[in-house]
Each structure stands twice: as C-alpha cells, then as structure tokens.
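Each chain is listed here by its residues.
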Amino acid sequence: MGRSEELFCEAVELIPGGVNSPVRAFGSIGGTPRFIDHADGACMTDVDGVTYLDFIGSWGPMILGHNHPEIRKSVEEACKKGLSYGAATEKEVVMARLICEIVPSIEMVRMVNSGTEAVMSAIRVARGYTGRNKIVKFMGCYHGHSDAMLVKAGSGVMTSGIPDSAGVPAGCTQDTLSANYNDLGSVESLFSEFGEEIAAVIVEPVGANMGVVPPKQGFLEGLRSLCTKYGTLLIFDEVITGFRLGIDGAQGYYGIQPDLTTFGKIIGAGMPVGAYGGKKEIMRHVSPVGNVYQAGTLSGNPVAMAAGITQLTILRDHPEIYRELNEKSDWFFEELSRIVREAGKPWQVNHVGSIGTIFFTDQPVTDYASAKTSDTAKFAEYFHYMLDHKIHLGPSQFEAMFLSAAHTKAQLQQTLDVIKEYIK
C-alpha cells in the first residue's frame, strides 16, 4: 500500500469522505485520491514521489503554473511581516485599485475569502439594491455552496427552487428560479412571469462546472438586454473565467458588461480569497456605508493580497502570456478534436481559451441536459488510464482541463500521444 492509500484510510476516519472538498473525491470513478506533496510549473508530485503533469491547477488559479518564483517571493516577504492583522493594510488598497483598473465594469470592490462567499454577498447586494427577492440561475452552473444556490430545477424552468442538499430549508430557495443555459427563451419566460420581482440573473459566462460549455452567440447579449429592460442586475460569476480568458475575463472576451462580478482564488494566485465588485452606485449599498451587511475578519488577508497583486501585475504587464497561452490551448484542443474524429469516436471536445473538456457523448454539449448524456463509466476508464500514464485530470466528467503558461508544447504533445494510445 502506497502512502496516498495509507493517508486516505486515515482520512476517511477523520474527514467526511476523506477529503475536504467533494471535488477531490474519487467516489464517482473509483480508486484513491493522490495526496500531493509539492508542485512546480505544470507538474505535481505526490507523497509517494510520483510526478504528474497537472491539468487541475488548483481548479484554475494557477494560470502561471505552480510555485511561480515571483509569487512565492512576494508571499515569503509578506509572511515575514505577519500572517493576519484583522486590520486594514495598504495591500488591500493596491489590490482594489488593480482590479478596478483592469476590469472596466468594476468601480468598487470588496475582498472576501472564497468564490462561494463572493457569490453569496453579491446576491445579497443585488437584493438590497433592487428591493427584490428572486434570483435566476442556470441549471449546471455552480455558484458555490451557499443555501440559495444549491438548487436543482424541476421538470420545467418555471419551477421554483427545490433544495439540492440536505440541511437547506425550502424557504432558502423558494426565490431561486432555474433556467436552461444557452436558452434565452427559458429566461424570457421567467421574466414574463416574475419580471418585476427578479433582483438578479447570475450566470457563468462560460459554463465550467458541467464541463466546459461555451455561450451560444447572442446568449449573453440577450441576458444583458433583458436585465436592462427589467431593472434587474446581471451578475457574472467569473470565479473560473476571471483573469483567465484574458486580463479582463469573460466580460472582456465577449464584450459584455455585467452589473456585478464575482471572483475567486485566481486573485490570490491560488490562496483562499475572493472578491465581488461593480459600479459605485451599487457597491455603496454595502456596509459600513450602506445597509447590506457583509463582513469577514480574514478578508483582504495581507499574504493572499501579496500573492494576488504579484500574479495580476504579471498578467497585466505581459499581454503576451494570454496570447501564447490561448494559441497553445487552441492548438491542443483542436488536435484533441482531430484525434477523436480520426479515430471515429463520436465524443465532443468543447473549449474556450485555456479551459476545455472532452465529453463521452455523441451529442453536442450546449447545456446541462446534453452534458448529462455523457458516459461517466467511460470517463472513469479514461481518467485512470491517464493517471496511470502520469497525467492528472479532474476526477469527474463534468470538470474542466486547465492549461497554464507553464505547460510546454512538448508536454501537451505528450498528453495528446497518451490520449491517442487510449483511443486505440
């Protein structure tokens, strides 16, 4: 038994499921999670000394690769001064200014500790600002584990929310309405029925938690128009896409300005941090200047701010990073599509920029329902083949592959060669 197996046996007695986040579990694919000892560049090494080419990247924020020397240095310098103060620091101001300068839709921003907290807070602000209660979300889009977002739709998009987790009272989700991603008509129907009651529409501008599902042409534009028409706030959940598709995220990539934006750990270079922001008119409703309460002792933590400032500054000052990463990613996913097609397999390959997914289904994947047609048993077989060949993917059909600036063309070709052998 290897050290990972030993640790997992101990972990399941101490931690629910042996993991501190379900996304790390191997329950749907079988086997034992690898316990990681260290990571550098595009690779992770487990406690047994096995090194893997990593396509998780801490679920997105490691866009520059693991253990970037400049980021590590900034963290070390910040740690020398102290780990947390529970008081204001200059780094918070620097970070806020940086985000507001980079993202045109944001004039004011509040730091929090996770993407979940950012979404929870943005929804509260939307309700406080509009004086309305209902929220529209999309099936297959994940916005963290706060009560109001843990909803699965009924058989029709007009159905109000049914809690998708034990411990969530029905009252917490009664104002959450679900629509079909990429189906503007389903949103229009909700507005026809509840238009004057809808505080916000929240959407992943690129679906990235049902596998990668790009928005259809006109979908995001249609959401923007509907929200403007009804006085509803449009919230872009850019926990995955923010500062990844480009320096100004999906909103810059697609040319759509939301009213509020949520970010996750990419603004901390992978450290536990998040943020939400928008126009001053909206954000001035947040306490202590407004009547929407939100607080956090660790918000704006100086170590996380140091890491994030360094990463965002590098990305801002070196636009060639995005150009080269997106060109490399386009090549990789197009080659993957070609390999699948030439092998006569009906599988689908979706990608936007440096995130993508291979779906084991013969149907084009454009929403949650079509994503769910994937053969998850086939994915499990594929996952373990890749893992056996030292390539670490997310342990679920419905996750993205994340490429980073640290992945070399040779490493990506190696990955393609392994996939080609698997398909044979």
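It should be emphasised that the depicted structure is a prediction, and the values quoted were computed from it without experimental measurement.

1. Concerning the pattern of salt bridges
And step 1. Overall, the coordinates contain 11 salt bridges when judged by the stated rule.
And step 2. Across the pair Arg-72 and Glu-76 runs a salt bridge whose closest N-O atoms are separated by 4.0 Å. One end of the pair is Arg-72 and the other is Glu-76, both in helix α2 (residues 69-81) and four residues apart, which spans about a single turn.
And step 3. Taking the relative accessible area as the measure of exposure, Arg-72 reaches 35% and is therefore partly exposed.
And step 4. Classification of Glu-76 as partly exposed rests on a relative accessible area of 42%.
And step 5. Two residues, Arg-132 and Glu-196, come together in a salt bridge whose shortest N-O distance is 3.8 Å. Within this pair, whereas Arg-132 is found in the loop between α4 (115-130) and β5 (134-138), its partner Glu-196 is found in the loop between α6 (184-194) and β9 (198-203), the two being separated by 64 residues in sequence.

2. With respect to the nonpolar core
And step 1. Among the nonpolar cores identified, the biggest contains 64 residues, and Ile-99, Met-111, Phe-243, Ile-267 and Tyr-382 are the most heavily contacted of them.
And step 2. Breaking this core down by element, the ones donating at least two residues are β3 (51-54), α2, α3 (90-102), β4 (108-112), α10 (302-317), α11 (320-342), α13 (376-388) and α14 (409-423).
And step 3. If you tally residues by element for this core, the top one is α10, at nine residues.
And step 4. Ignoring sequence-local partners within four residues, the contact set of Ile-99 consists of Ile-106, Val-109, Met-111, Phe-243, Phe-263, Ile-267 and Leu-312.
And step 5. Grouped together as the second largest cluster of nonpolar side chains are 28 residues, Val-136, Tyr-181, Ile-198 and Leu-234 included.

Cut-offs and rules
- Residue positions are counted from 1 within each chain, in the order its sequence is given.
- Under the rules for a predicted model, residues below a pLDDT of 70 receive no local features and side-chain atom pairs below 80 are neither given nor counted, while totals for whole chains, interfaces and linings still include all residues.
- Processing note: side-chain calculations cover all non-hydrogen atoms of the structure and skip hydrogens and water entirely.
- One speaks of a salt bridge when a side-chain nitrogen belonging to Lys or Arg is within 4 Å of a carboxyl oxygen belonging to Asp or Glu.
- Numbering of helices and strands runs from the N terminus, with a helix taken as a DSSP run of H or I at least four residues long and a strand as a DSSP run of E at least two residues long.
- To sort residues, take the accessible area from a 1.4 Å probe on protein chains only and compare it with the maximum for the residue type: under 20% means buried, over 50% means exposed, and anything in between is partly exposed.
- Among buried residues, those of type Ala, Val, Leu, Ile, Met, Phe, Trp, Tyr and Cys that are joined through side-chain atoms within 4.5 Å constitute a nonpolar core.
- Should any heavy atoms of two residues lie within 4.5 Å, those residues are counted as being in contact.

Read these as layout, nothing more, since geometry by itself doesn't imply function.
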